[in-house]
Every structure is written in C-alpha cells, then in structure tokens.
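Single-letter residue listing:
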Amino acid sequence: MFLTAIMATICMMTMNAQPKLSAGNIDEVMKAMTLEEKAKLLVGGANNFFGDQAVVGGEAGLVAGAAGTSSAIPRLGIPATVLTDGPAGVRIDPTRKGTTQTYYATGFPIGTCLASTWNTDLVSKVGEAIGNETKEYRCDVILGPGMNLHRNPLCGRNFEYYSEDPFLTGKIAAAYINGVQSQNVGVSAKHFAVNSQETVRTSVDERLSQRAAREIYLRGFEIAVRESHPWTIMASYNKINGEFSMGNRDLLTSILRDDWGYQGIVMTDWIGIRQGLPTITEVQAGNDLMEPGQPAQMKEIIEGVKSGKLSIEDVDRNVRRMLEYIVKTPSFHQYPASNKPDIKAHAAITRQSACEGIVLMKNNGCLPWNTQTVKTVALFGENSYNFLSGGVGSGCVHTPYVVDMVEGLKNAGISTSEKLTDIYRKYIDFARVKFQAERHPAKWFQSEAMGQQKYPEISISPLLINKEAKSADAAIITIGRQAGEGIDRDIDNEFNIVPEERALITDVCNAFHAVGKPVIVVINSGSVIETASWSNYPDAILCAWQPGMEGGNSVADILTGKVCPSGKLTMTWPIAATDHPSTSNFPGQIDFFSFEQMAGDRRPIPGHTYTNHEEDIYVGYRYFDTFQKAVAYPFGFGLSYTTFSLDNMKVKNVRNESIEISVTVKNTGSMSGKEVAQVYVTAPQGNIEKPTRELKAFAKTRELKPGEQQVLTMQIPIRMLASFDEQNSQWLTDDGLYTFFIGTSIRDIRCVATAKVNQYIEKVSNALAPKVKLNILHK
Ligand code: BGC
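Okay, so let's go over this structure. The numbering scheme is per chain: residues are counted from 1 as the chain's sequence reads. Two thresholds apply to this predicted model, a pLDDT of at least 70 for residue-level local features and 80 or more for giving and counting side-chain atom pairs, whereas whole-chain, interface and lining totals are computed over all residues. Computation of side-chain values covers all heavy atoms of the structure but excludes hydrogens and water.

Salt bridges are defined by distance alone: a side-chain nitrogen of Lys or Arg within 4 Å of a carboxyl oxygen of Asp or Glu. A complete count under the given rule lists 44 salt bridges for this structure. The partner of Asp 314 in a salt bridge is Arg 317, and the shortest N-O contact between them spans 3.3 Å. Here Asp 314 and its partner Arg 317 are both found in helix α12 (residues 312-326), three residues apart, which amounts to about one turn of the helix. Accessible area is worked out with a 1.4 Å probe on protein chains only. A residue is then buried under 20% of its type maximum, exposed over 50%, and partly exposed in between. Judged by relative accessible area, Asp 314 falls into the buried class, the value being 18%. We classify Arg 317 as partly exposed; its relative accessible area is 24%. The secondary structure listing takes helices from DSSP runs of H or I that are at least 4 residues long and strands from runs of E that are at least 2 residues long, numbered from the N terminus.

Below is the structure:
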C-alpha cells in the first residue's frame, strides 16, 4: 500500500515535470518549457530553402516540397506542423525518392479567376477541396489566400490576388478561408500588408496615408479576420511607412489584434535575410513564428531574454499562441493522412469554378458555337498548346496534367488543325529546351519547377493562315502571359501585345473574315493586358485567366455554351497601363544591384527604395470612376449569352445597424444563366473627400432558366459605409442620404434608391502614420 502510494507520487511528479500537450494544459506545458524550447517554438523547424544551412528542428523532409514547418518538442508532446504553399492548390513535390507513388495536387483556378466568379459559395467549395488535399497530403496549413490589392496591373503576383477592390477581396478570401478551415486545417492569409509589388519586395518602403492603408490595403484582411478567423496570417516582406511589416507592432498588434480582435498566429514571410530587422523586434511586434527558421534567430531570442532586451512576457505570449494553434492541427491529432486525395472529384470542382470565373469580354453573336457547324478550329498562339494553368513561383502547383486547348476542344467533339498543332508542338519542344539552356541561374522563377513557362510567340505566314481559313470553321488565337514571384511585369512586352501577336490578330482576322468565319481571342493571363488597340478585330474575346489544370475543358464549356458565362472583372482594364495613377510610382524610387550581383530577389541599394502612394485611395475604379476616365473594360464587367433585367429594388435601414437591399433579377433571354448584382454606394457630402462610388455588396443568382427570376437580398453593415478619419483615428459614417446603385458593372447601373443613415463612429488605434509628406491626389 505504502509502496503503491510512493510509486503513484513519483509517477505524478514525472508527469508534472513532463506534461504532454493537450488543449486543456497549455499553462502547464508552458511552465515545463525551458527558454531554449520556447525560442525553438517561435522559429520554423525545417526547410530545404537554404541548402546546406542547418535546420532548427530536425524535421526536414516531413513532406517533401512543403515550404516549411514549425518546430517539434517531442518531450512535451509538441509535434512539428507542416506549412505548404498555395493558394491555387497544395504545392508539394510530385515525386519522392524511393517510391513510385506520386503526389500531384489539383491545380485550381488562380486568385483572379476565382474572384471573377463573384460566387462565394463556389469559392468555399474550392476552399474545401484545397483543405481536403492539404490534410490528405499530411500538411496543416496552406499558405494562402493571397490577398494583396491590385494596386497596379504590372504587379507580378496579381494573379494570386483577387481584385483592386478591398471589399470583394475580403469577401472572396473569407469564403476561401471558411472552406479550407472547414476541413480542420489552417490557412495563412498573406501577405500582410501593402505588398502590391514584387520589385525589391524584401526592402521596399510602401509610403502611404493612414487612410489608404486602412480603407484600401487593410480592409480586405479585416473582413477576412472578422468573417473567417484565419488560423495564421503571413506578414509581408516590405516596409510600411519606414518599418518592416514583419516587425511592425502597429500592424501586427494594434491593428490586427487590438482593433480587429485577431486570435491566431502571425508568421513571417520566407526569405531569411531580414535586412536590418532583429528577430527580437519581430517577437515584440507580435510575430509568433519565424519562417522558414534559422538557428541564429533562436539564439537571438535566447540571448535577448537573457540580456533583458526581450521580455519573457512577450516570448510567453507568442508561445501560448503557437500552442493554441498547434492543438488544432491534424499533426497534433495524428490524422492518418492518405496521400491520396480524390483528384478526380476535385477536377470537376476546378473545371466548374474556372467556367464561372471566365469573363466574356466581347461577343458579336458568334458564341456560343453550334457544334454541328463548328467542327474544326484553327488554333493559333503558343499558349493554345502550352495552356497556362497557373502562375510561377511559390504560387504554382505541381498538377498531374493540364488540359490544353487542343484536348479541351477534342473533348467537346471539335477537332483542331493538324498542321498548326504539329508546328506549335514542335516549336514548344524546341523553345523549352532553348529557354532552359539559356536561362540565367539567378532567374530561379524561370525554371520549370517554378511553374509553366511562356515561350516567345512565333509568326505564322499569311499563306498558311489563308489555307487554314479555307479548311477550318473558326479560329482561336490564344494570347498568353506568364508572371510570378520576385519580378513585376513590364509594359512593352508583358502588358502590351508584342508585334508577333498583333500580326497574328490582324492576319487571322483578315483571312477568316474574308471567308465569313469567326475569330475568337482567348486571353490566358493571370493579369490585365492591353486590349484597346486590337479588340475591334476579333468577333469574340474570352478572358480565361489561368484557370487551373482543367483549363482547356473549361474554355470549351464556355465556347460551346455548355456553360453560360457569368464571370465579371474584378479590376479595371485600362486603355494604357500608364492610365493608372499609381504607374508613375510603380515600382517606385529604386536603385538596385544587377542580376549578376544578386542571390535571389533583386537586391536594392540600401536607402534608395520606396514607393509613394500618391494616388492614395484612388486605386482602380475609385480613380477611373471619380475622375471620369475612359477605360477598356470597367470594373465588374462581363457579358453573358442570355440577358437579365434587374428591377424592383428595395432599400431599408434596419435600426441603423445595416442597410438591407433587395432586387429582383429575371432571365429575359433564351438560355439558362447566372447574373451578379453589384451594389455601389455614393455617400453624402461630408468632411472627408470620397470616391464617387464604392462597391459595398454583391450577390450572384443561382442558375436561372429563361423567364425565371430570383430575389437577391444583401446586407450592408453601417460600419462598412464608413471612411477612415485620420484626424481622429476613427471610422466615420457620416449621417445623411446615401445613394445605392445596383448594376452589372460599375458603368452599367440598372436601379437606384436612397436611404437615410445616421452617424456611426468606431474609434481605432492611431497606427501606421507616414513619416514623410506625401503628395496625395485629390478630386
Ligand atoms: C512567398 C510566400 C510563400 C513563401 C513560402 C515567399 O517567398 O512570398 O508567398 O508562401 O515564400 O514559399
């Protein structure tokens, strides 16, 4: 009896000394942790990013090709968790040493394409599928959604992001996050914040007003935090008003946690060199996890605490948040990952979501095709045969296949010209080898492992084009653009079309039109291109974006009318790239070392890198609409094969908490389809200058049959009508009469109504004040 009691006491003492983590004993585990263990938990555990550099946690290779891990502390039952890239699907190595098994993941549509669906339910479904693959491939967090604003069409990573509008960005991101996290895995909403350019992204100082920060660059994140509670948020590389985001207390604590109530963890973005940013500052600012993690960072935390430069309270606060995150993960729950997600079922989801994101920009009536009369198509353009499913960089996905236009049309019963197929296929084989052989090693983003590459367009002689016009029933010209991480796009070769493309458009249109046959241009690009100089030539233009691995099938579904197009642009397509006021400061004042002198990103010469946000809040349509500028295609634009009426608009102020808006949408055409009701709001004249109209709500109908109608009801919380009042650090909704417009684009308004709104004020922290005077654009 006595002996049993002693044994039990010893056993309890041992247990007390070494508790194993559970959701209920975080305090106890923290008490048992040494300073070294705490520091270890705040520093990423394993990666293959830095080649032969030591790894902190020793968990390298948990999931080959995943971007990183958090560190394990087995003594206390703390597992490593695995972070994998996204956002268009799970990015892991498709093959592994020692096994013939493959680990391909579904390539879903890129961010811009997903957002162009304006369908939050559909985006959630995509999120669920991505969350499922994350879990089945033994990962805990997908590093997405990408939520940065399309400040300028030249940003290399716009394809990963959603829109030039923060409200749409927030809503689409929340839908994606809720979908992913319904699978009990996490997201990392990124890149927090104001990371709207790639040039010198690890050092550029984004100088902007508090108002532009709050209303434009942070609003989307705020909506996502409040409506979907991301497990993690990734701080961006850049500085904001002189301070790195990753070590910015104003951003990571005052705004994110104090103002918005965020409860999850913040992690850093990846490149290890912090260029003058101490790890201690990051910990203090509220950055909980240094990724991918280096031993020196751990050492810095330990020494910081020992020397008194870093308080143990700050460390403990972040450690607690890490543990609260870890207990939610599949790794903690030892989820038996199958490594066999249902790629076939997910292919159907990606095909459907891409169809809804494709935007019909022009149609003279030639579409949809009657497959009885259009049997053979002449396919022009390199990307018809090298169809780009996604962008390059960490946002690429290793997919099992990509359906190109040849295959997509074939699956729809349409054959393609053999001669052209032969020419282009052989050219692409040659171009691929040449491109890789001639690639500068510093241009890592141009390697095949970083995503599909685009090869220079070739010219096709008018003689051959004329022959094709005789034998084919129609022509398609695919105009492709590739872009990605680490580099922005240039105007001449990437935004504008190149001479070979211009020749192709004019020659093909001339030849086919001469024999009465239609020409369709398919845009296979993650971001905006110039269209105004050539859009009058073809009979139809379809913006397919980079629609994921089922791309060719999705485009064929639209061409043949299997699916009625319902995608809407989430950004303005300007006539010229320089029409955006931000272009004069994009990528800003930057002097950088040459490619030869750099090791990864282009390295700036210290002290010379900033971009002034002189356009302030006038980003995208806020500028084009307020300043009444002509555009190629307006925000929210997208054609359909059927027609809709939007009538019977009703607006009601509900207890000054929200505005309820309803509208009846009726299919007045002859084909089933969906329509998006977009609500733009004009505020009454107050003390703060405002854009003419801002998007404040939207809803998409279900598929309506001809003659069928649906009442859409939307709510706008009064706080979402507020502008940011810098003088008083508050959100302010002025009282007065608000005008609500419902349209099918910002320039196609169908109904108007007004409602009286009382003043609403929400005090927030005085954060992110600019340190230099900005020459801000005013009306
Ligand atoms: C990118 C992130 C990505 C991370 C890990 C960074 O360079 O900016 O978006 O998640 O690498 O691959």
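There's more to say after this.
Glancing now at empty space enclosed by the protein. Only protein atoms enter the calculation, which uses a 1 Å grid: trapped sets of points that fit a 1.4 Å probe without letting it out are cavities, open sets showing protein on both sides within 12 Å along at least five of seven lines are pockets, and any residue with an atom within 4 Å of a point is a lining residue. Grid points are joined across faces, edges and corners, and a volume is the space filled by probe spheres set on the points. Using the criterion set out here, one finds seven cavities of 30 Å³ or more in the structure. Volume-wise, the largest cavity comes out at about 100 Å³. Together, Pro 166, Phe 167, Glu 215, Arg 219, Arg 622, Glu 694, Leu 695, Lys 696, Met 720 and Ala 722 line the largest cavity. Put simply, the parts of the chain that give the lining of the largest cavity at least two residues each are α6 (166-181) and β21 (694-700). Among the elements that make up the lining of the largest cavity, the one with the highest residue count is β21 (three residues). Amino acids outside the nonpolar list (Ala, Val, Leu, Ile, Met, Phe, Trp, Tyr, Cys, Pro) and the charged list (Asp, Glu, Lys, Arg) are all regarded as polar, and Gly is one of them. The residue makeup of the lining of the largest cavity, split by class, is five nonpolar, no polar and five charged. Of the voids in this model, the second largest cavity is the one considered here, and its volume is about 70 Å³. For the lining of the second largest cavity, the secondary-structure elements that each account for two or more residues are β20 (676-682) and β21. Partitioned by chemical class, the residues of the lining of the second largest cavity number four nonpolar, three polar and three charged.

Here the focus is the sheet that holds β21. In short, DSSP must find at least two bridges between two strands for them to pair. Strand order across the open sheet formed by four strands is β21-β20-β25-β26, with antiparallel pairing between neighbours. Of all strands in the sheet, those with a lone pairing partner are β21 and β26 (748-757), marking the two edges. Strand-to-strand twist in this sheet, taken as the mean axis angle between neighbours without regard to direction, amounts to 25°. Note that strand β25 (residues 736-745) and β26 share nine bridges and pair antiparallel. Paired with Gly 743 across the two strands is Ile 749, which belongs to β26. Orientation is described by lines fitted to C-alpha atoms, with helices fitted over the stretch in contact, and by angles between N-to-C directions that extend from 0 to 180 degrees.

Okay, the state of the cysteines next. Note that a disulfide, as used here, is simply two cysteine sulfur atoms within 2.5 Å. As enumerated under the stated definition, the model contains zero disulfides in all. We note that Cys 355 lacks a disulfide partner, and the nearest cysteine sulfur, in Cys 113, lies 9.1 Å from it. In this structure Cys 366 is not part of a disulfide, and its nearest cysteine sulfur, from Cys 509, lies 11 Å away.

Glancing now at the site of the ligand. Here a residue counts as near a molecule or strand whenever at least one of its heavy atoms sits within 4 Å of it. If you check the shell around the ligand, you find 14 residues, and the closest are Asp 85, His 191, Tyr 237, Asp 269 and Glu 485. Counted as a polar contact is a pair of N or O atoms within 3.5 Å, where, for protein atoms, one must be capable of donating a hydrogen and the other of accepting one, and residues adjacent in sequence contribute only when both atoms are in side chains. Side-chain polar atom of Lys 190 to an oxygen atom of the ligand: 2.9 Å apart, as the coordinates give it. Expressed as a share of its isolated accessible area of 310 Å², the protein-covered part of the ligand is 96%. A class-by-class count of the residues in the shell around the ligand yields six nonpolar, two polar and six charged. Accessible surface is estimated by sampling points in the Shrake-Rupley manner with a 1.4 Å probe; for residues, cover comes only from the protein chains shown.

Time to look at the environment of Ala 576. Along the chain, the position of Ala 576 falls in the loop between α20 (551-559) and β16 (589-592). C-alpha separation for the pair Ala 576 and Ser 188, spaced 388 residues apart in sequence, amounts to 34 Å.

Inspection of the secondary structure puts Ser 765 in the segment after β27 (760-763). Here the side chain of Ser 765 touches Asp 259 through a polar contact of 2.8 Å, side chain to side chain. Contacts of Ser 765, omitting those with residues within four sequence positions, involve Arg 214, Ser 254, Ile 255, Asp 259 and Ser 729. Whether two residues are in contact is decided by their heavy atoms: any pair within 4.5 Å suffices.

If you roll a probe as big as a water molecule over the atoms, it shows you where there is empty space left. Approximately 640 Å³ is the volume attributed to the second largest pocket. What lines the second largest pocket is a set of 24 residues, and nearest its centre among them are Phe 435, Gln 446, Lys 454, Gln 482 and Glu 494. Breaking the lining of the second largest pocket down by element, the ones donating at least two residues are α18 (491-495) and α19 (499-514). Taken together, the residues of the lining of the second largest pocket sort by class into eight nonpolar, six polar and 10 charged.

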